[in-house]
Each structure stands twice: as structure tokens, then as C-alpha cells.
Number of protein chains: 2
Amino acid sequence: MSAGVGRLFLVPAPLDFGCAVQSPLQESMPEQTLHIAASLQHWVCENAKSTRAYLKRVGERTPLTAPIQSQSIVELPREVHKKGDHQAGFDARPLLNPALQGHDMGLVSEAGMPAVADPGASVVRAAHLLGITVLPLVGPVSLLLALASSGLNGQSFAFVGYVPSAAAERAQRIKALENLALKTQQTQLFIETPYRNQALLATLLQTLQPTTRLATSSGLTLPDASNHSGDIKTWKARGWTLDNATPTVFSIGP
Amino acid sequence: MSAGVGRLFLVPAPLDFGCAVQSPLQESMPEQTLHIAASLQHWVCENAKSTRAYLKRVGERTPLTAPIQSQSIVELPREVHKKGDHQAGFDARPLLNPALQGHDMGLVSEAGMPAVADPGASVVRAAHLLGITVLPLVGPVSLLLALASSGLNGQSFAFVGYVPSAAAERAQRIKALENLALKTQQTQLFIETPYRNQALLATLLQTLQPTTRLATSSGLTLPDASNHSGDIKTWKARGWTLDNATPTVFSIGP
């Protein structure tokens, strides 16, 4: 807590959310991130239950300033989850009242960096509007770990979110992303709900040209992390597969 | 070192490269990243001198397995620096001989994540070709810290590298990026050599529409970090400025 107006910390969460095996937090979190997380008592989050579970893990390593039950943990409304921060037209300013009253606050999502491929941008925007200092903390970001591991162009890249789940539209979208990647040399990254990993991979292997490069990163920061990268010919020759349970980032490029 | 073939670790470096003040490594690096970095003895890097300086800092916190002087530290050729990994057509496989001989290796750049807005993708690609396991370690990534802090759309974004330095081309490029961002809702991120920060900001304030949002992140992870975000009207009203020394990430969107 600081005098005057509090700050908004963007607090990354580990990438093992919902996974059977969890790694010790210090494997993917710097000490400072854990210390600051342990000191905060006012949160805006994607999901209150998973925030409490995360704070419990933080507390096992760094004593919390206040017990979890006495902390203020406010969820973003369902509308923001469903439509995304930018479509929902949500005014997050009221959520930041604790900061205006002088309390440092944390924004946290279920896994990785809040406001990146996850809800929270409306809260960051509201903080800037109110003159609240925004400070991001270091932690795991699956998209960038995946990009680095892909061997694809890291000087120009785009993350395009989820691809369509219907087969025909999915194939069409993938073809469009491939054309863009080959024409502009801009790596195209995308994600899918884990239970559709295998369906997406099948479409990619059927749809992409033999010389186009495809990379996947699954289980990042976990003991069974796996990063594959090769052209479609190589994928078929080596018979690489994915399971339908592990969060995976896909990327394509020349 | 492991039996059989070694692995390639992607080792992030702190973001304070070349800065007057350096922060303790544990502020931006997880313990595991430092432990693995301290255990490696074979490196491919952007710059050998800065790699040695980084290893010296790692060693002050976690004892190095071997003294720096006895480690193998090989720089990527100048061609890769100048043209980028994808234009240079560089075959990095010979650099990975130590891994084929059973040694774990590290890939490191001067700041942040190797192979992301930095050289190294050709080495990652060569590792995949040789069947060497690629494992990214967690650390600071300026682009994603900047995106999270911007309040701009984090569900769809692109990093487009450097903008042109000549004034007319710079303005033209910025206009094109603004059009793309407004039309597609895809946040556009870019960087500039720090000594041109002020010139770039001036062009942005002159060129962008009053309602377009501009965000800058300077000195990320450093004590004097500063994140600004607002529409162009707000930028002008508040008179936010940048210095010509601090690495800065720029982003624009609706």
C-alpha cells in the first residue's frame, strides 16, 4: 500500500492451471513477482477460485501480508469473458476504487500474463484513464515461449487468437493464415481449446503446403513440455502427435 | 550435460543491458532459469562480451559449474545480425556440435528472449532439424510486458519490428499500421533505436488520428519503468514525453 493512489500490478500466473502435475512456483516466477503478489490484498481476476488457489501456492513460499479470506478478490463480469474486453464495452473503473483509496492492486488471470490472450485489458485501460500507475511483473508467457521455440521468424509475428472450430471454416482460416505468412514472412500464432488439438492438427497437416513450417508448443514450463517444429513433410515423416488435454500454441510460417 | 544428445535451452537475459542502473537478477529471473544458466558450459550468443557479463551476474547468485574463461561461447555471424536469421540463409547446424556430443547448450541474446525480436531463430531451427530438444526458460520479454501494460487488444496483436528512420517513410508506415489496427482491431507493436524515440513519438503525435490509442513502455523491469497509454488527444493534453536513451516499445490500436 502506498500513500495517495495505489498502483496496478499485472501479476502473471503459472502455466500449469488445470494440469495434473504442478511445478514449484519458483521454476517459472521470479522472487520479486512472488513477493509483490504476496503483499497485495486487492485483486481483479478472471476467476476468484483459481486466484485463491494461486495465492495459496504463493503463500507457501512467501508469507502473505493478509490471509486469503480477508483479501478483496473481484471477478471480471461474464460479459468480458464471453466477448473479450474490447467487444464488451465494459467500464472497469469502479473495480479500481481500492487503488484510488491508496491500495496497490493486482490483476491476474488463470494462467500466464493477464490481458495477453486473456481478459484484463479493460482494467489496464481504466487504470491509465484514472492516472493509476501500471506495472507488469515478469512471469511465464506461453505465446512468446512458443514463438522462441518454433525457430520461425521472431522479428515479425502475429497472434490471431482462436481459429474456428467448424471444419470447413477452420481449413479456410488456416489457408488464409498460411498465405499471409508466406507472403509477408510474418509468423502466425494461434491457439485452440485443448480438446480440439488433434482435430486442429489433422486440418493443418491436410491443408498446409508440404514446405510450410508448423510448430507446436505443449505443456510449456511443465516437466513434459514438448516443442515440435518442422515443415509438413517432416511432420508426416516423423509422425509427431498431440494429445487432447495439454494447452498448445500453434505457429506457422515459411 | 546429459547422456546421448544434449538439449538447447533458450536462456532469457535481463532487460537492463546497457543501462546505467542494473537490477538484481532475481527481480526478473526465476530461480530455475538462473540454475540452468549456471550449469551450462556451451553457448551460442548474440555478443560474447555481454554473455560473459551476464554469466558473471548469474555466478554472483548461483555458483557456475565451470569458470567463464573455460566455457565455450560462440557468437552468431555478423550476417545474421545484419540481415536477420531468415534473410541470411545461415546454416547454424555446425554451432550445435557440442549438443550432438552430449552437452546441454544455451542460446542467449543481449536482452530478453533469444529469437524474439533478436537473433537466434536459425539456431533453434537447426536444433529441430538435428533432433535436439529445445526448451525455453522463463524470463522477461519486453514486447509482452509492454502489450499487457498498454490496455490495447491482447487477443489479437502483431509485432512488426523497426519502423523506417527516414521521416517521410516513417510517417507513411505509421499511417499504414494505424489503418490496419483500426480496421482489424489487431494491436500493432513496433520498436525503434532508443536515440530516435523522440523523433518517432513526434511523428506518431502528428500522424495518428486524435482518437487512436498510443501506448509506450520504457525501462521495463527497471526502477524507473514508465508505461503511458491514451488516445492522441490525451497524449497531447498530458504532455507525456520520452527520453532518447531508454529502450521503448510502442503500440497502437483503437
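This text follows the structure it describes.
This one's a predicted model, so the numbers in the text were calculated from it and none came from an experiment.

Engineer: Break down the relation of the copies chain B and chain A for me, with residues and values.
Structural biologist: The two copies are related by a screw motion: chain B maps onto chain A through a turn of 180 degrees and a shift of 0.0 Å along the axis, at an RMSD of 0.0 Å. Expressed as a symmetry operation, the mapping of one chain copy onto the other fits a two-fold axis. A shared interface surface links the copies, since 100% of the contact residues of chain B are contact residues in chain A too.

Engineer: Mind laying out the nonpolar core, listing which residues take part and the relevant values?
Structural biologist: Leu8 and Phe157 of chain A together with Leu8 and Phe157 of chain B are the most contacted members of the largest nonpolar core, which has 72 residues in total. Apart from the residues within four sequence positions on either side, Phe157 of chain B is in contact with Val116, Leu143, Phe157, Ala158 and Phe159 of chain A together with Leu144, Leu147, Gln186, Thr187 and Leu189 of chain B. Listed in part, the 36 residues of the second largest apolar core include Ile174 of chain A together with Leu204, Trp240 and Phe250 of chain B.

Engineer: Go over the environment of Ser251 of chain B, please, and point to the residues and values.
Structural biologist: All names here are of chain B. Structurally, the position occupied by Ser251 is in strand β10 (residues 248–253). With 37 residues separating them in the primary sequence, Ser251 and Leu214 have C-alpha atoms 5.8 Å apart. Ignoring sequence-local partners within four residues, the contact set of Ser251 consists of Ser150, Leu152, Thr187, Gln188, Leu189, Arg213, Leu214 and Ala215.

Engineer: A description of the packing of aromatic side chains should follow, citing residues and the corresponding values.
Structural biologist: Residues and elements named next belong to chain A. Evaluated as defined, the whole model comprises 6 aromatic pairs over all chains. A centroid spacing of 5.9 Å and a plane angle of 0 degrees characterise the contact between Phe190 and Phe250, whose relative ring orientation is stacked. One end of the pair, Phe190, is in strand β7 (residues 187–191); the other, Phe250, is in strand β10 (residues 248–253), and 60 residues separate them in sequence. Taken individually, Phe190 and Phe250 each receive the classification buried, so the pair is uniform in this respect.

Engineer: Quick rundown of the interface of chain B and chain A? Include the residues and the values.
Structural biologist: Accessible area lost during the coming together of the parts is what is often quoted as the interface size. Across the boundary between the two partners, chain B contributes 62 residues, which contact 62 residues of chain A. With both sides pooled, the region where chain B packs onto chain A buries about 4600 Å², and carbon together with sulfur makes up 54% of that total. The closest approach of N and O atoms between Arg61 of chain B and Glu31 of chain A, which form a salt bridge, is 2.8 Å. On the surface where chain B and chain A come into contact, there are 18 residue pairs in polar contact (both at pLDDT 80 or more). With 7 residues, helix α7 (residues 142–150) of chain B is the largest single contributor of residues to the side of chain B that touches chain A. Residues of the side of chain B that touches chain A, tallied by class, amount to 32 nonpolar, 23 polar and 7 charged. Of the strand pairs in this sheet, strand β6 (residues 157–162) of chain A and strand β6 (residues 157–162) of chain B are connected by 3 bridges, and their pairing is antiparallel. For Phe159 of chain A, the partnering residue across the bridge sits in β6 of chain B and is Phe157 of chain B.

Engineer: With reference to specific residues and values, describe the packing of helix α8 (residues 167–184) of chain A against helix α9 (residues 197–207) of chain A.
Structural biologist: Residue and element names in this part refer to chain A. Closest axis-to-axis distance for the α8/α9 pair is 10 Å, and the angle between their directions is 55 degrees. Our classification of the angle between α8 and α9 gives oblique. In the packing of α8 onto α9, the handedness of the crossing is right-handed. The residues of α9 that touch α8, namely those facing Arg170, Ala171, Ile174, Lys175 and Glu178, are Ala199, Leu200, Thr203, Leu204 and Thr207. Residues belonging to the contact of α8 with α9 are distributed by class as follows: 5 nonpolar, 2 polar and 3 charged.

Engineer: Go over the pattern of salt bridges, please, and point to the residues and values.
Structural biologist: Proximity of charged atoms lets side chains of opposite charge pair with each other. All names here are of chain A. With the rule as written, the count across this model stands at 14 salt bridges over all chains. As a salt-bridge pair, Arg93 and Asp91 come within 3.1 Å of each other at their nearest N and O atoms. Here Arg93 falls in the partly exposed class, since its relative accessible area comes to 35%.

Engineer: Give me unusual backbone geometry: which residues, what numbers.
Structural biologist: At Ala117 of chain A, a position not held by glycine, the phi torsion is positive, near 55 degrees. By the secondary structure assignment, Ala117 of chain A is in the loop between β4 (105–108) and α6 (121–130). The phi torsion at Ala115 of chain B lies on the positive side, around 75 degrees, for a residue other than glycine. The residue Ala115 of chain B is located in the loop between β4 (105–108) and α6 (121–130) in this model.

Cut-off values and rules
Residues numbered from 1 in each chain as written. Chains lettered and ligands numbered in written order. Predicted model: local features only at pLDDT ≥ 70, side-chain atom pairs only at ≥ 80, totals over all residues. Heavy atoms only, no water. Least-squares fit on C-alpha atoms with pLDDT ≥ 70 in both. Contact = heavy atoms within 4.5 Å. Core = buried A, V, L, I, M, F, W, Y, C linked by side-chain atoms within 4.5 Å. Buried < 20%, exposed > 50% of the residue type's maximum accessible area, 1.4 Å probe, protein only. Helix = DSSP H or I, 4+ residues; strand = E, 2+ residues; numbered from the N terminus. Phe/Tyr/Trp six-rings, centres within 6.5 Å; stacked < 30°, edge-to-face > 60°. Buried area = accessible area lost by both parts, 1.4 Å probe. Salt bridge = Lys/Arg side-chain N within 4 Å of Asp/Glu carboxyl O. Polar contact = N/O pair within 3.5 Å; in protein donor to acceptor, adjacent residues only side chain to side chain. Nonpolar A, V, L, I, M, F, W, Y, C, P; charged D, E, K, R; others polar. Pairing = 2+ DSSP bridges. Axes fitted to C-alpha atoms, helices over the stretch in contact; angles between N-to-C directions. Parallel < 35°, antiparallel > 145°, perpendicular 65-115°, else oblique. Left-handed = near helix turned anticlockwise from the far one by under 90°.

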